[in-house]
Amino acid sequence: MPGVSARGLSHEERRQLAVNLTRVLALYRSILDAYIIEFFTDNLWDTLPCSWQEALDGLNPPQLATLLLGMPGDGEVVRYRSVWPLTLLALKSTAYALAFTRTPGFKTPSEFSENPSQSSRLTPPFRKHVRPKKQHEIRRLGELVKKLSDLTGCTQVVDVGSGQGHLSRFMSLGLGLMVKSIEGDQRLVERAQRLDQELLQALEKEKKRNPQVVQTGPRYSPYHVVRWVDPTAVCKELLLPLENPCQGGARLLLTGLHACGDLSVALLRHFSCCPEVVALASVGCCYMKLSDPGSYPLSQWVAGLPGYELPYRLREGACHALEEYAERLQKEGPGLRTHCYRAVLETVIRCARPELRRPGVQGIPRVHELKIEEYVQQGLQRVGLDPQLPLNLAALWAHQAQENRVVAFFSLALLLAPLVETLILLDRLLYLQEQGFHAELLPIFSPELSPRNLVLVATKMPLGQAFSVLETEDS
C-alpha cells in the first residue's frame, strides 16, 4: 500500500503529520467508531453520503480491493465503472498519503520460494517448531538487533515478552549475542528452556556433520527470567547484567517482537529513564490493550492536539491485516460473508433481548456452508438464547442480499485503520524526540506475512546515516 515513508522525517514534519492525522480521523470518526456487526441494527449503510452509496453499491469484492483499497490483482488494470464523487476519491488519496508505508526495502521474501513452510535463510535447527511467519520475523528482527548492537556497542540484549524464546534463541545461539529473555508466563519459559536444550543438541549434531558450515564463534544460551514487566515502574531484573560489565558499565539493548499493548510502552519508558539502556528495537501490536489514559498519548505534542483521542474501537481496528483482507477480496472467498451473517444475527438477538448488545459469539465452524437461518440458530444457542425462536426468513434473506454492502463498509473502515496505527507510532517517535533521543520507524517484515511490521529503533547517540545500515535488503 502506498504511503509516507516514516524514515527521515524532520521533527517539524512529524508534528505536522500528527496534526493532519488528528484532523482526518476526526472527520471520519463515525466510520471508524462503527461496529460492523451493527450494520443492520444501526443502519450503517445510510450513514454514508448518498454519492458514496451509489459509487460503492454493487461492487464485488475484487473491485473493492482494486478501486477502494488500491490493491489490484496481478496484471489487473484499474478501471472505474462510474465517476466517483470527489469526496470519496479524496478520502482514498488522503488515506494513502498520510499512513506510514509498510512496504519494506525488499520485495516479497524469496526465502520461501523453494518451500513455503521453510525459510531458506535459516538453518534447519532454527526452523524447527517455528511457523513460516515467525521464521521470517525472528530472522529479520534478529539481524537488525545484531547490527544495532554492533553500532551502539551494547554488551547485552534483553528480549522482553519473549514467549517461547524463538527470537532469543536465534539472537544468542545463531548470532552470538548475549541475551536475557523476560517472560511473565512460567509455562512459556519452561517450554523455551526445553527448546533451548533441543536446539543445542541439534547444533552439536550439525557441527559434527558439517563442521565447516556451523558457526564457530562463541555460543551463549539465552538466560530466562520469569517476570511481568510493569509499564508504570522500572523492572530492576531487566537491568541486571548477566556478566560483570567491562569498564564503563553495562550497555543494554531492549527488544520486543510484537510486544503486546502496554508492554511496548514499558520498553519505551525503560529506554527513556534508565541510563544502562542505550538502544531499542521494538515492534508493537495489540493497540486496543493500551491503558487509556497512560499509554497513549505519550508525547506532549499529540496530547495538545484537538481530536487526538483514540478510543478502543479505533485502536482495535488498527490491528487488522489490510493486505491479507485485500487478498481475501481478490479471491472472493465465501468466508467474506461472515461479517454479514454476524450482523444479521445481531438483529435477531436485539429483537429477542434488546439489552443484549454485541455479545461474543464462539466460533461457528464452516460458516460458508450454512444457510443464514442455520447460522442464526447456532448463534442464538451460543449466546444463551433459544435456537428455536421463530425467525422472519424474508427479513433474513433481505439482509443477506446486502452482503456486498457489508463488505464495502468494512473495507472503508480498513482503508482508514492504518491512519490510527500511524498516529500511535508517530506519538511514540515524538515522545522520544521530545526527550532528545534519536528514533526512526523502519518497515522490517513483509506485510503479507506480518502486518505489524514497523520496528521502532531508538538510540541515545546520533547515528546519522548509520540508520540506513539497518535497512539492508534481503538478497
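Parameters at a glance
- Residues numbered from 1 in each chain as written.
- Predicted model: local features only at pLDDT ≥ 70, side-chain atom pairs only at ≥ 80, totals over all residues.
- Heavy atoms only, no water.
- Helix = DSSP H or I, 4+ residues; strand = E, 2+ residues; numbered from the N terminus.
- Buried < 20%, exposed > 50% of the residue type's maximum accessible area, 1.4 Å probe, protein only.
- Contact = heavy atoms within 4.5 Å.
- Areas by Shrake-Rupley, 256 points an atom, 1.4 Å probe, with all protein chains shown as cover.
- Lys, Arg positive; Asp, Glu negative; His and termini not counted.
- Charge placed at Lys NZ, Arg CZ, Asp CG, Glu CD.
- Axes fitted to C-alpha atoms, helices over the stretch in contact; angles between N-to-C directions.
- Left-handed = near helix turned anticlockwise from the far one by under 90°.
- Nonpolar A, V, L, I, M, F, W, Y, C, P; charged D, E, K, R; others polar.
- Core = buried A, V, L, I, M, F, W, Y, C linked by side-chain atoms within 4.5 Å.
- Phe/Tyr/Trp six-rings, centres within 6.5 Å; stacked < 30°, edge-to-face > 60°.
- Salt bridge = Lys/Arg side-chain N within 4 Å of Asp/Glu carboxyl O.
- Pairing = 2+ DSSP bridges.
- Polar contact = N/O pair within 3.5 Å; in protein donor to acceptor, adjacent residues only side chain to side chain.
- Expected span 1.5 Å × (residues − 1).
- Arc of directions from axis to C-beta.
- Disulfide = S-S within 2.5 Å.

Undergrad: Just to check I follow, could you spell out the overall build of the chain for this structure?
TA: Helix and strand content of the chain: 18 helices and 7 strands. In terms of its C-alpha atoms, the chain occupies a principal-axis envelope of roughly 75 × 50 × 50 Å. Among the 475 residues that make up the chain, the fraction classed as buried is 52%. In the chain, once contacts between residues fewer than 6 apart in sequence are set aside, the share between residues at least 24 apart is 75%. Per element, the accessible surface of the chain, about 21300 Å² overall, is 52% carbon and sulfur. Each charge class in the chain was averaged separately, 52 positive and 50 negative side chains, and the resulting centres sit 4 Å apart.

Undergrad: Which parts of the structure should I look at to understand the environment of Pro72?
TA: Summarising the element assignment, Pro72 is placed in the loop between helix 4 (61-68) and helix 5 (86-98). By relative accessible area, Pro72 is classed as partly exposed at 37%. Spatially, the C-alpha atoms of Pro72 and Arg428 are 32 Å apart, while their sequence positions differ by 356 residues.

Undergrad: Please explain the packing of helix 5 against helix 18 (residues 403-434) as it appears in this structure.
TA: A packed helix pair is summarised by two numbers, namely the angle formed by the two axes and the spacing between the axes. Following both chains from N to C, one finds helix 5 and helix 18 inclined at 35 degrees, their axes separated by 9 Å at the closest point. Crossing of helix 5 over helix 18 shows left-handed handedness. Where helix 5 abuts helix 18, its residues Leu88, Leu91, Lys92, Thr94, Ala95, Tyr96 and Leu98 lie against Leu412, Leu415, Leu416, Leu419 and Thr422. When the residues that make up the contact of helix 5 with helix 18 are grouped by side-chain class, the tally is 9 nonpolar, 2 polar and 1 charged.

Undergrad: Before we go on, may I ask you to explain the packing of helix 8 (residues 166-174) against helix 9 (residues 186-209) in this structure?
TA: At a minimum axis separation of 10 Å, helix 8 and helix 9 run at an interaxial angle of 35 degrees. Read as a crossing pair, helix 8 and helix 9 show a hand that is right-handed. Residues His166, Arg169 and Leu173 of helix 8 form the contact with helix 9, whose own contacting residues are Ala192, Leu195, Asp196, Leu199, Leu200 and Leu203. Across the contact of helix 8 with helix 9, the residue classes tally to 6 nonpolar, 1 polar and 2 charged.

Undergrad: In this structure, what is going on with the nonpolar core? I would like to understand it.
TA: Grouped together as the largest cluster of nonpolar side chains are 117 residues, with contacts concentrated most on Ile31, Phe39, Leu56, Leu88, Phe100, Leu412 and Leu432. If you tally residues by element for this core, the top one is helix 18, at 20 residues. If we skip the residues at most four places from it in the chain, Phe39 touches Leu44, Trp45, Ala343, Gln402, Arg405, Val406 and Phe409. By size, the runner-up hydrophobic cluster in this structure holds 29 residues, among which are Leu122, Val130, Leu442 and Val457.

Undergrad: Even after reading the chapter, I still don't get the packing of aromatic side chains, so can you show me in this structure?
TA: For the structure shown, the criterion picks out 8 aromatic pairs. Plain terms: the ring middles of Phe39 and Phe40 are 5.1 Å apart, the flat faces sit at 90 degrees to each other, and that makes the pair edge-to-face. For the residue pair Phe39 and Phe40, the accessibility class agrees, reading buried in each case. Their ring planes at 70 degrees and their centres at 5.0 Å tell us that Phe271 and Phe437 sit as a pair that is edge-to-face.

Undergrad: Can you help me understand the pattern of salt bridges in this one?
TA: One side chain can pair with another of opposite charge once the charged atoms of both are near each other. This model, assessed by the stated rule, comprises 24 salt bridges. Close ionic contact of Arg7 with Glu440 constitutes a salt bridge, the shortest N to O distance being 3.5 Å. Pair noted here: Arg7 is in the segment before helix 1 (11-27) and Glu440 is in strand 6 (residues 438-443), with a separation of 433 residues, a long-range link. Among the residues examined, Glu440 registers a relative accessible area of 9% and is labelled buried. Because the salt bridges share partners, they merge into one network encompassing Glu38, Arg342, Glu346, Arg350 and Arg358.

Undergrad: What is the right way to look at the sheet that holds strand 1 (residues 156-160) in this model?
TA: Pairing between the strands of a sheet is mediated by backbone hydrogen bonds and can be parallel or antiparallel. Overall, mixed pairing links the 7 strands, which are arranged 3-2-1-4-5-7-6 in an open sheet. In this open sheet, the two edge strands, each paired with only one partner strand, are strand 3 (223-226) and strand 6. Averaged over all neighbouring strand pairs, the angle between strand axes comes to 15 degrees, with direction disregarded. Pairing geometry for strand 1 and strand 4 (residues 252-260), over 4 bridges, is parallel. Of the residues in strand 4, the one forming a bridge with Gln156 is Leu252. Packing of helix 9 onto the sheet brings it into contact with strand 2 (179-183) and strand 3, and relative to strand 3 it is tilted by some 165 degrees.

Undergrad: What am I meant to see in the side chain of His166 here?
TA: Tracing the backbone shows His166 in helix 8. In terms of polar contacts, His166 uses its side chain to reach the side chain of Arg169, at 2.9 Å. Once residues lying within four places of it in the same chain are set aside, the contact partners of His166 are His129, Val130, Lys134, Ile138 and Leu195.

Undergrad: So what exactly am I meant to see when it comes to helix 15 (residues 338-352) here?
TA: Residues lying three or four places apart along an α-helix face the same way, a consequence of the helix completing one turn every 3.6 residues. A rise of 1.5 Å per residue sets the reference length of helix 15, with its 15 residues, at 21 Å; its end C-alpha atoms lie 21 Å apart and thus fit the reference within 8%. In terms of burial, helix 15 is largely enclosed, as 11 of its 15 residues are buried. Structurally, helix 15 contributes buried residues whose contacts are with helix 16 (372-382), helix 17 (393-400) and helix 18.

Undergrad: Which parts of the structure should I look at to understand helix 16?
TA: Taken together, the buried positions of helix 16 are occupied by Ile372, Glu373, Tyr375, Val376, Gly379 and Leu380. Viewed along the axis of helix 16, the buried residues span an arc of 155 degrees, placing them on a single side of the element. Buried residues along helix 16 sit in contact with helix 15 and helix 17. Just downstream of helix 16 lies Gly384, where phi reads positive at about 85 degrees.

Undergrad: Looking at this model, I keep getting lost on unusual backbone geometry. Mind explaining?
TA: For residues besides glycine, phi is generally negative; the peptide bonds are generally trans as well. Put simply, Tyr296 and Pro297 share a cis peptide bond, and its omega is -5 degrees. Residue placement: Pro297 occurs in the loop between strand 5 (277-285) and helix 12 (300-303). Even without being a glycine, His129 presents a positive backbone phi close to 70 degrees. Relative to the helices and strands, His129 is located in the loop between helix 6 (124-127) and helix 7 (132-152).

Undergrad: Would you mind showing me how to read the state of the cysteines here?
TA: A disulfide bridge is the covalent bond that connects two cysteines by way of their sulfur atoms. With the rule as written, the count across this model stands at 0 disulfides. In this model Cys260 remains outside any disulfide bridge; the closest cysteine sulfur is found in Cys286, 3.3 Å from its own. Cys351 takes part in no disulfide bond, and the closest cysteine sulfur, belonging to Cys340, lies 16 Å away.

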